Amino acid sequence: MNKCFPAFLAAAAITFSCTSKKEQTTASTNANEQQNTDKNLISYVNPLIGTDRMGHTFPGAAAPFGMVQLSPETNIQPMFKDNGQYNGRTYEYCAGYQYSDSTIFGFAHTHFSGTGHSDLGDFLVMPTTGELNLEPGKADDNEGYHSSFSHKNEYAEPGYYKVKLDKYDIEAELTATQRVGFHRYTFPKDEEAHIILDMTYNIYNYDGKNVWTFLRVENDSTITGYRQTNGWARTRLVYFTMKFSKPFKSYGQKKYDKMQYNGFYRKFDEAHNFPEMAGHNIKAYFNFDVKAGEKIEVKMALSPVSMAGAVKNLQAEAPGWDFDQVKKETQQKWNNELDKVEVSMINKDDETSFYTSLYHTMLDPVVYEDVDGKYRGLDQNIHESDGFTNYTIFSLWDTYRALHPLYNIIQPSKNNDFIKSMLAHQEQSVHHMLPIWSHYANENWCMTGYHAVTVLADAAVKGVGDFDKKRALKAAVETSNVPYFDGVGDYIKYGYVPEDKSDASVSKTLEYAFDDWTIAQLAKTAGDTKTEEEYLKRSKSYEKVYDPSIGFMRPKLADGSFKKEFDPLDTHGQGFIEGNAWNYGLYVPQNIDHMIEMMGGKEKFSQHLDSLFTMELDDKYIEKNEDITRDGIIGNYVHGNEPSHHIPYLYDWTGEPYKTQHTVRMVLDKMYLNKVDGLCGNDDAGQMSAWYIFSALGFYPVIPGSDEYALGSPLVKNAKLKLENGNTFTVSTENQSRENVYVEKVTLNGKELTTPFIKHADITSGGELKFYMSSTPNKEFGKK
């Protein structure tokens, strides 16, 4: 054993303080006072977890997998500075909100959850009083329409958000259905009030992002319109209808366009009470006379298809004006979803972390069709779903690892819809490709690999869904052979991606090789032996970028030589994307045994893992990566980013499951806390949270595309998974405690296991997985 490992063990003894009263919100405090027995599981969710620093989550109101995420914007940070350089602060506002702020600029209806790049922020609504001001101002001044607020007057729970806008003394409440955002504003006194609709606002905004904006004032309480933007999604259209509970007395707009030609619209005073508004950048306002204590409610329905579609969505989901009833119905939907996994934990903070993680896994993907099944496709034509519900927001570089495998257990019907949505995307793609990273009828091409194939294969191998396996295989094969995509042509030609032809070449080679292995598994389920053999051969490409002289994966050039200037610690410019050779180089899930043998055998590989968790990584190696920060690092292990997520479980393959057990519990305790900064990195559309759910349950899908799970050390005392097929799978423990992180033995349905692995069928068939916990390691369990 590596000499540094005892120190590594000692590091685990560090305890991490719970959230202080200052860090807690009223929402989480109230949640922790309730008992789980009442089945009000939303009381265990703290939506403010991850809203500070790197988590990039939002606290606002949404329905499970809903198109609308109605949430506050606490700052406005454009994507570029005045000098044209990238503004690094925009990264902080991927979800529009940072807990450290004390200002609110309004409430927008669309948000990503936990991403490391961004878009959206559609249709910002802000209530104000007094003299009308259409300029937002800046967070560090008291100018403009934005307001200060205090976290003492902020409350968040699934499907509901409330805050007091101090500048106006307005109480703002938000709830949502799948396609409708519902606002309720309570005004403090008799005065004139305004509701601003700022169509210029975008997350990751820049001059020119708005391609076109259009609004119609249909009557004295109804607005329809749309906006087209060119951002991360370059051709994105969102339609809406907006309805007020009270007629407005007057309205107007301010246009921020440099207009050379306006045709004969110059006949009109378009700025005041003119019922048609069109331009690139528009702010509209609606004026009301209000009484003290009066409430004005606003409903905004979205559609990917048309304004008429938005109207239809509003009529179907929120036809009336009972805000509390809509809130109640949405929260019941959340309770139903959260009840798929019933747990008891060591303490209440752990229960909050668990159910908040589960909540975060059900925000994205989002439904992307109207109530009549019509949706905008990747080809920008209008389609109608047949036999599935269409979804969007597929952050696949992240979510293929654990999120989609989690869906295959607790949301198999939903994952079936996700897969059919991906197959529809591929049919509509002029490239004939499955999604890489897609949202809102657009492919944004973010990150590496073609990991949708893994999602398809994982479901096929596990018998999830009724999608056509041969059609899925055809889509996967076509996707993996597009020569102009990200080095694929060279990958096929050379058997690896040369660094002098495509950057991040090692990451691409490793990921393509794994994806190809999953295509082989998909081919096997489809009975296509020829394709299976072809892709098994391609899946060995990782061997070509391993340099045995230094013991690391290393960038290789087109002439067959390795790149000379190479530092395995550096996360920038060394052939890896958002990682280095020490951690990203351990990515061969399809053949872990061979990777260990290739890297010197079990003892040497184990020592490498020990060192990874204990060595010091100098700041200079991460300073050029905004996605890698100290928040998510243990030694040189980067839990704050996805390529490392499988690494703690690799000890199961060295015959030392006890090290996996210790390491997993250390990560659970250190990297997931019931605090606003309780996520160590971007939640990445639920992947970070899915890692927690699996690991807290005691097993993890190290190899998506196989039916195997590696065992770790559960954090739950007991858990009950209520499966769609009617079966129940129970995880139970004996002697569970904070100190007892090791597993003395494991039984499955009363039979003792000799290896640290279970199968998918063991879960779906129902039964009991029981862990006998101990404070000392059992070094014989799983020893090979």
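Residues numbered from 1 in each chain as written. Predicted model: local features only at pLDDT ≥ 70, side-chain atom pairs only at ≥ 80, totals over all residues. Heavy atoms only, no water.

Colleague: Quick question: what am I supposed to make of the packing of helix α8 (residues 412–428) against helix α10 (residues 469–479) here?
Modeller: A packed helix pair is summarised by two numbers, namely the angle formed by the two axes and the spacing between the axes. Across the interface, α8 lies against α10 with an axial gap of 11 Å and an inter-helix angle of 55°. Of the possible angle classes, the one that applies to α8 and α10 is oblique. Pair α8 / α10 crosses with left-handed handedness. Contact residues: α8 offers Leu-423, Ala-424, Gln-426 and Glu-427, while α10 offers Arg-471, Ala-472, Ala-475, Glu-478 and Thr-479. Here the contact of α8 with α10 is composed, by residue class, of four nonpolar, two polar and three charged. (Axes fitted to C-alpha atoms, helices over the stretch in contact; angles between N-to-C directions. Helix = DSSP H or I, 4+ residues; strand = E, 2+ residues; numbered from the N terminus. Parallel < 35°, antiparallel > 145°, perpendicular 65-115°, else oblique. Left-handed = near helix turned anticlockwise from the far one by under 90°. Contact = heavy atoms within 4.5 Å. Nonpolar A, V, L, I, M, F, W, Y, C, P; charged D, E, K, R; others polar.)

Colleague: How do you make sense of helix α5 (residues 348–360) when you look at a structure like this?
Modeller: Think of an α-helix as turning once every 3.6 residues; residues three or four places apart then point the same way. Compared with the 18 Å implied by 1.5 Å per residue over 13 residues, the 18 Å span of α5 between its first and last C-alpha is a close match. In terms of burial, α5 is a largely internal element, twelve of the 13 residues being buried. Along α5, the positions that sit buried rather than exposed are Asp-349, Asp-350, Glu-351, Thr-352, Ser-353, Phe-354, Tyr-355, Thr-356, Ser-357, Leu-358, Tyr-359 and His-360. Measuring from the side-chain oxygen of the N-cap residue of α5 to the backbone nitrogen of Asp-349 gives 3.1 Å; that N-cap residue is Asn-347. (Expected span 1.5 Å × (residues − 1). Buried < 20%, exposed > 50% of the residue type's maximum accessible area, 1.4 Å probe, protein only. Polar contact = N/O pair within 3.5 Å; in protein donor to acceptor, adjacent residues only side chain to side chain.)

Colleague: Looking at this structure, I do not really get the packing of aromatic side chains. What am I missing?
Modeller: Here the structure, examined in full by the defined rule, presents 53 aromatic pairs. Considering the side-chain rings of Phe-244 and Phe-288, the 5.4 Å spacing of their centres and the 55° angle between planes classify their relative orientation as tilted. Here Phe-244, found in strand β14 (residues 236–244), pairs with Phe-288, found in strand β17 (residues 282–290); they are 44 residues apart in sequence, far enough to count as distant. Here Phe-244 matches Phe-288 in class, with each residue buried. Through a chain of ring-to-ring contacts, the aromatic side chains of Tyr-44, Phe-354, Tyr-355, Tyr-649, Tyr-672, Trp-691, Tyr-692, Phe-694, Phe-699, Tyr-700, Tyr-709 and Phe-729 assemble into a single cluster. One residue, Arg-266, lies across the ring of Phe-264, its end atom 4.4 Å from the ring centre. Over the ring of Tyr-496 we find Lys-556, and its NZ or CZ is 5.4 Å from the ring centre. (Phe/Tyr/Trp six-rings, centres within 6.5 Å; stacked < 30°, edge-to-face > 60°. Lys NZ or Arg CZ within 6 Å of the ring centre and 35° of its normal.)

Colleague: What is the right way to read the sheet that holds strand β24 (residues 394–395) from this model?
Modeller: By way of backbone hydrogen bonds, the strands of a sheet pair with one another, either parallel or antiparallel. Taken together, three strands build an open sheet; the order of strands is β24-β25-β26 and the sheet is antiparallel. The outermost strands of the open sheet, each flanked by one partner alone, are β24 and β26 (442–443). Here strand β25 (residues 437–439) runs beside β26; their pairing, made up of two bridges, is antiparallel. By the bridge assignment, His-439 is partnered in β26 with Asn-442. (Pairing = 2+ DSSP bridges.)

Colleague: Even after reading the chapter, I still don't get the sheet that holds strand β19 (residues 341–345), so can you show me in this structure?
Modeller: Here six strands make up an open sheet; going across it, the order is β19-β33-β34-β38-β35-β36 and the pairing mixed. The sheet is open, and its two borders are formed by β19 and β36 (751–752), each paired with just one other strand. Of the strand pairs in this sheet, strand β33 (residues 716–722) and strand β34 (residues 728–734) are connected by five bridges, and their pairing is antiparallel. Counterpart to Lys-722 in the pairing with β34 is Thr-728. On the sheet, helix α17 (residues 687–697) packs against β19, β33, β34 and β38 (767–774) and is oriented at approximately 110° with respect to β33.

Colleague: Any chance you could explain the pattern of salt bridges here in plain terms?
Modeller: Opposite charge on two side chains permits pairing when their charged atoms draw close. Per the counting criterion, the structure on display carries 37 salt bridges. A salt bridge links Arg-227 to Asp-122, with the shortest nitrogen-to-oxygen separation between them at 2.8 Å. Within this pair, whereas Arg-227 is found in strand β13 (residues 222–229), its partner Asp-122 is found in the loop between β4 (106–108) and β5 (124–129), the two being separated by 105 residues in sequence. Among the residues examined, Asp-122 registers a relative accessible area of 1% and is labelled buried. (Salt bridge = Lys/Arg side-chain N within 4 Å of Asp/Glu carboxyl O.)

Colleague: Before we go on, may I ask you to explain the side chain of Asp-364 in this structure?
Modeller: In this fold, Asp-364 is placed in the loop between α5 and β20 (366–367). For the buried Asp-364, no salt bridge exists, and the shortest N-O distance to an oppositely charged side chain is 12 Å, to Arg-236. A distance of 3.2 Å separates the side chain of Asp-364 from the backbone nitrogen of Ser-113, its partner in a polar contact. Every residue in contact with Asp-364, bar those within four places of it in the chain, is listed here: Phe-65, Phe-112, Ser-113, Ile-393, Leu-403, Tyr-407 and Ala-685. (Lys, Arg positive; Asp, Glu negative; His and termini not counted.)

Colleague: Can you walk me through the pairing of β17 in this structure?
Modeller: Regular strands place their side chains on alternate faces of the sheet. Most of β17 is tucked away: eight of the nine residues are buried. Pairing geometry for strand β11 (residues 191–198) and β17, over eight bridges, is antiparallel. The residue bridging Glu-192 from the neighbouring strand is Asp-289, located in β17. As defined by bridge partners, strand β15 (residues 250–255) adjoins β17 across six bridges and the pair is classed as antiparallel. Bridge pairing links Gln-253 to Ala-284 in β17.

Colleague: Just checking my understanding: could you explain the environment of Tyr-86 for this structure?
Modeller: Checked against the element boundaries, Tyr-86 lands in the loop between β2 (69–73) and β3 (103–104). For Tyr-86, a relative accessible area of 34% translates into the label partly exposed. Sequence-distant contacts of Tyr-86, that is, excluding residues within four places in its chain, are made with Met-79, Phe-80, Lys-81, Tyr-91, Tyr-204 and Glu-626. Reaching out from Tyr-86, the side chain makes a polar contact with the side chain of Glu-626 at a distance of 3.1 Å.

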